[in-house]
Amino acid sequence: MTTAATRREEATRAAVEKAITHGGPKLGSLAFRLLLLALLVMSFVILAALLADIASSAWPTFAERGPSFVMNGLSLNPATAGVWTGIVGSLIIAFIVAILAFPVGVAAAIYLEEYAPDNRRTRFVDTTVRNLAGVPSIVYGLLGLAIFVPVVRGIGLGGSTGGKNVIAAGITMAALVLPIVIITSAEAIRSVPNSIRDAGYGVGATQWEVISSHVLPSALPGILTGTVLTLARAFGETAPLLVIGVATGFFSPAGDATLLDQLTGPYTALPVVVFSWSRQTQAAFADTLAPAAIVVLLTVLFALNGFAIWLRNRTEGRW
Amino acid sequence: MADRIGTTVDSVDHTRPETLEDASPSLAATRSPRVTGGTPSDEHAVILELSDVNAYYGDFHAVDSVSLPIREKEVTAFIGPSGCGKSTVIRSINRMNDLIPTARIEGAITYHGVDLYAPGVDPVEVRRRIGMVFQKPNPFPKSIYDNVAFGPKISKYSGDMDELVERSLTRAALWDEVKDKLSDSAYALSGGQQQRLCIARAIATSPDVLLMDEPASALDPIATLRIEELMYELKQEYTIVIVTHNMQQAARVSDRTAFFSVDVKEGQRTGRLVEFADTATIFTNPQHDETEDYITGRFG
Amino acid sequence: MESAFDTRHHYDDELDDIRAALVELGSMVAANIRRAGVVVTEGRLNEVDAVIGADRPINARYHDLEEKVFTILALQQPVASDLRFLVAATRILYEMERSGDLAVNIVKQVRRLDGVPTDLRLDGLVLRLSDASARMFDHAVEAVATMNAAIGIGAEQEDEETDTVTGDLFTAVTERQDAIGLEACVALFYIGRFFERIADHGVNIAQHITFAVTGEFPDGDG
């Protein structure tokens, strides 16, 4: 029996159903999703093609030469030339960057985040640091040539290159990545919850005790991740090194050179090796050795990025 | 009383008899009831005195002229609607407000007669004596042991640290639950346990006073009741000041209650103290209509 | 130390204290009721003031406890069995205080009986009545002490004895009207009525406990 009440209920049900149910897939949103997917696929395809091209060019070198390609030094003979000199140079540069940019950058970040009063001067410094991070790397090369090279020479570390050596290169690269170290460290410090600071102050800790015991340990994973990524950047940069006189041709360090001689003598870096080989007139250098060197460089960079991701994952989600 | 027949006995005689034993019964073993909560005596000395305290954030007048005494070994509760300045006042007691650059306190807060805002007073030393427990449990991302030991370590505690950690955790009613996992991360504990850990951390430095800023607002009801019970135990040794937005909580745990309200003038919300009395009075017979309206839920 | 930490240990203590104080107050009243019975049946005029005096601490205790219950209601927000117990406690307090007043009223009648010729039948009935009402009251206090719901359920039947004896007493007094005089008659009517009321209060107390324990009031006019 259909009473008025049940008829009303049915009408309500129908009205609600109509209001909350849509008629089918919305065409506009579907098209947009497909477009985004296509763009994503396209960028992956380009990247993959690039990698495949390089890998296929590089493959014969690795197949024929094996580890000797990595372990050999520079040579004019494509059959024996290797990237070892470049790897060593890049590692030394990265090491100098790490010991200079990391402490200075973290200290600057601590000052900016924890100590500096929130006023116009601090905001100006903050903005300047951010702008510096965006300055083209070649400008840092000019800075290195104008300041760091003479300084290195001036303090007696000029050696046979007159200051155009791996020390000046390291300092220049440190200056290049310093703003990025400061920014990422400041972000990491800022992301430490204030409740941790309150807790420290609440039990009677001084500001330095709070920072050293709680803020820095909590921010360290973020700081380390950022620093590793900046090292990868320093590892891959070429332009500033070219400006401050990296060796782009063949050189052979004296067999009995002291460590100081090696540090102050001519040097090269992995990306510079790629650069100079690809400009060689001998086909072997440009066509097979340069792609192989690129593969080595990419491997190192991927490893560094992977390390950074591992660091972040290991420490994420602690609050 | 209408059916009282032929009696002249004065039944509203409040005087206690000389000896109750005279009239004592033979029927049942009895024990005299001890004084229950909510009826504090005036025997407790005043340990903190707020005199005409005004708080500002920049140009904003947050709290207007609060004066009240806080007695030792009692629980004093601050209640009131949002923005009434109760948190500002409690954070000014151990100078946590110093950490907010624009914050400024006028008036005097004396601790054992010493003005905490006098020049030369070291806020770090103040906070070692007036500890704080915060709204959200905020253990350090370290082990349970290290959380408790941090305060004593920085204040150069020279005694047996293991013993102090155990004692603090026991007092915070957490020892039995964590004694087998002291080196585990504090984050492995539940919210209620974390908050008790924070209380243990606060009492490890042997403060006189514990300030609790809405210590149970992030906890479930059972964890809340545990914290409240703990406060009842802790007041045997410590003076406790608690800010709570939960009126029933203030009623349950405190000996004295301060009710704050907020005035809105020219868009500015300024908190002020409306009424301060023993908790039983506030909740059974408040003297101000504003208090009555707030605690009966008719305003706020 | 398992279950080391009751969540509302302190509140539970307060409730226990209220119950213990109720038992103590009930015991004080019960003692005074028995004493009033002795004063009446043995005509001990010299003890009248002692019974009246003993009611003062009872009243003081009553007011004190009433305030405590009131405070707990206000501050602890009791619910369920705790709420029933505290509401029952306020009623029980009232019943106890009234019973104490009735014991005082009873001894005040003794002076009117001074010089009235001894009558064994009347003395026997008063003795039985005072005894029965005192027992009823004791039983009620026991119900409070043990939180025994059964006592309240059986209380109406148990109280029938008091009603019967009271009826017998009134009949006997009416028969002896001429021998003992009008004033003694009135005094004995009051005494009978008061003892019966005490027993009724006892019944009510036990029934309040039944309500506190079970949430239901026992059948009857309660």
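The structure we're discussing is the one just above.
Small disclaimer: the values here were computed from a predicted structure and weren't measured.

(A) Structural view of the overall build of chain C. Along the backbone of chain C there are nine helices and zero strands. Going from the N terminus to the C terminus, chain C shows its helices and strands as α-α-α-α-α-α-α-α-α. Seen through its C-alpha atoms, chain C measures out along the principal axes to roughly 70 × 35 × 30 Å. The buried share of chain C, taken over its 222 residues, is 55%. Taking the intrachain contacts of chain C between residues at least 6 apart in sequence as the baseline, contacts between residues at least 24 apart amount to 83%. As displayed, chain C offers around 8900 Å² of accessible surface, 50% of which is attributable to carbon and sulfur atoms. Here chain C carries 20 positive and 40 negative side-chain charges, and the mean point of each set is 5 Å from the other.

(B) Focus on the packing of aromatic side chains. All names here are of chain A. Evaluated as defined, the whole model comprises ten aromatic pairs over all chains. Judged by centre distance (5.6 Å) and plane angle (80°), the rings of Phe62 and Phe69 are edge-to-face. With 6.0 Å between their ring centres and 50° between their planes, Phe69 and Trp277 make a pair best called tilted. On the criterion of sequence distance, the pair formed by Phe69 in helix 3 (residues 68-71) and Trp277 in helix 12 (residues 270-278) is long-range, its members being 208 residues apart. For the pair Phe69 and Trp277, a shared accessibility class is recorded, and that class is buried. Through successive ring pairs, a cluster of aromatic residues spans Phe62, Phe69 and Trp277.

(C) Layout of the nonpolar core. Of all hydrophobic cores here, the largest spans 68 residues; its most connected members are Met96(C) and Phe137(C). Taken together, the elements giving at least two residues each to this core come down to helix 1 (9-42), helix 2 (48-76), helix 3 (80-109), helix 4 (120-146), helix 7 (160-175) and helix 9 (182-214) of chain C.

(D) Fine view of the pairing of strand 4 (residues 103-111) of chain B. Residues and elements named next belong to chain B. By the bridge criterion, eight bridges tie strand 1 (residues 46-57) to strand 4 in an arrangement that is antiparallel. In the sheet register, Ala55 faces strand 4, and the bridge partner there is Ile105. Judged from the two bridges that link them, strand 4 and strand 5 (residues 114-115) form a sheet pairing that is antiparallel. Following the sheet pairing, Tyr111 is matched in strand 5 by Val114. In this structure, the hairpin formed by strand 4 and strand 5 is closed by a connection of two residues, where His112 is found at a positive phi of approximately 50°.

(E) Fine view of the sheet that holds strand 10 (residues 268-278) of chain B. Strands sit in the order 5-4-1-2-10-9-3-8-7-6 (chain B) across an open sheet of ten strands; the sheet is mixed. In the strand order of this sheet, the two ends are held by strand 5 and strand 6 (130-133) of chain B, each with one partner.

(F) Spotlight on the packing of helix 6 (residues 191-203) of chain B against helix 7 (residues 221-234) of chain B. Residue and element names in this part refer to chain B. At a minimum axis separation of 9 Å, helix 6 and helix 7 run at an interaxial angle of 20°. Comparing the axis directions of helix 6 and helix 7 gives the class roughly parallel. Pair helix 6 / helix 7 crosses with right-handed handedness. On helix 7, the residues touching Gly192, Gln195, Arg196, Ile199 and Ile203 of helix 6 are Ala223, Arg226, Ile227, Leu230 and Leu234. Looking at the contact of helix 6 with helix 7 residue by residue, the classes come out as six nonpolar, two polar and two charged.

(G) Quick peek at the arrangement of the chains. Taking contact number as the criterion, the leading pair out of two pairs of chains in contact is chains B and C. Across the gap from chain A to chain C, with no contact made, the nearest C-alpha atoms are 26 Å apart.

(H) The pattern of salt bridges, seen in detail. Residues and elements named next belong to chain C. Within the structure shown, the criterion is met by 40 salt bridges over all chains. Between Arg61 and Glu24 there is a salt bridge; the shortest N-O distance is 2.8 Å. Of this pair, Arg61 sits in helix 2 while Glu24 is found in helix 1, placing the two residues 37 residues apart along the sequence.

(I) Structural detail: the layout of surface pockets. Its volume calculated, the largest pocket comes out at about 920 Å³. Along the walls of the largest pocket sit 27 residues, with Glu113(A), Glu114(A), Ala116(A), Leu99(B) and Pro101(B) positioned nearest its centre. Looking at the lining of the largest pocket, the elements with two or more residues in it are helix 4 (84-115), helix 5 (120-133), helix 7 (166-190) and helix 8 (194-202) of chain A together with helix 2 (123-129) of chain B. Looking at side-chain class alone, the lining of the largest pocket contains 13 nonpolar, three polar and eleven charged residues. Space inside the second largest pocket adds up to approximately 360 Å³. Around the second largest pocket, the lining comprises 18 residues; the ones closest to its centre are Val40(C), Thr41(C), Leu113(C), Val116(C) and Asp123(C). Class assignment of the residues belonging to the lining of the second largest pocket gives a composition of ten nonpolar, four polar and four charged.

(J) View of the environment of Leu37(A). Tracing the sequence through the fold places Leu37(A) in helix 2 (residues 27-65). Sequence separation between Leu37(A) and Ala58(A) is 21 residues, and the spatial gap between their C-alpha atoms is 31 Å.

(K) Quick look at the environment of Ile130(B). With respect to the secondary-structure elements, Ile130(B) resides in strand 6. Sequence separation of Ile130(B) and Asn285(B) is 155 residues, and the distance between their C-alpha atoms is 32 Å.

(L) How the structure looks around empty space enclosed by the protein. Taken as a whole, this structure holds two cavities of 30 Å³ or more when the rule is applied. Taken as a whole, the largest cavity spans an internal volume of roughly 90 Å³. Looking at the largest cavity, the residues that line it are Leu225(B), Glu228(B), Glu229(B), Tyr232(B), Arg252(B), Val253(B), Thr7(C), Arg8(C), His10(C), Tyr11(C) and Gln76(C). Take the lining of the largest cavity: its biggest share by element is four residues, from helix 7 of chain B. Here the residues of the lining of the largest cavity are counted per class, giving four nonpolar, three polar and four charged.

(M) A look at the interface of chain B and chain A. Opposite the 21 residues of chain B that make contact, chain A presents 17 residues. Of the roughly 1700 Å² buried between chain B and chain A, counting both surfaces, carbon and sulfur atoms make up 63%. Contact with chain A buries area across many residues of chain B, yet Phe140(B), Pro141(B) and Phe150(B) alone supply 27% of it, more than any other trio. Counting across the interface, chain B meets chain A through two salt bridges. For the salt bridge of Glu209(A) with Arg128(B), the shortest nitrogen-to-oxygen distance reads 3.9 Å. Counting residues per element, the ones that place at least two in the side of chain B that touches chain A are helix 2, strand 6, helix 3 (144-154) and helix 6 of chain B.

Calculation rules
Residues numbered from 1 in each chain as written. Chains lettered and ligands numbered in written order. Predicted model: local features only at pLDDT ≥ 70, side-chain atom pairs only at ≥ 80, totals over all residues. Heavy atoms only, no water. Helix = DSSP H or I, 4+ residues; strand = E, 2+ residues; numbered from the N terminus. Buried < 20%, exposed > 50% of the residue type's maximum accessible area, 1.4 Å probe, protein only. Contact = heavy atoms within 4.5 Å. Areas by Shrake-Rupley, 256 points an atom, 1.4 Å probe, with all protein chains shown as cover. Lys, Arg positive; Asp, Glu negative; His and termini not counted. Charge placed at Lys NZ, Arg CZ, Asp CG, Glu CD. Phe/Tyr/Trp six-rings, centres within 6.5 Å; stacked < 30°, edge-to-face > 60°. Core = buried A, V, L, I, M, F, W, Y, C linked by side-chain atoms within 4.5 Å. Pairing = 2+ DSSP bridges. Axes fitted to C-alpha atoms, helices over the stretch in contact; angles between N-to-C directions. Parallel < 35°, antiparallel > 145°, perpendicular 65-115°, else oblique. Left-handed = near helix turned anticlockwise from the far one by under 90°. Nonpolar A, V, L, I, M, F, W, Y, C, P; charged D, E, K, R; others polar. Salt bridge = Lys/Arg side-chain N within 4 Å of Asp/Glu carboxyl O. 1 Å grid on protein atoms, 1.4 Å probe; cavity = no way out; pocket = protein on both sides within 12 Å on 5 of 7 lines; lining within 4 Å. Points joined across faces, edges and corners; volume = space filled by probe spheres on them. Buried area = accessible area lost by both parts, 1.4 Å probe.

That's the geometry; what it means functionally is another story.
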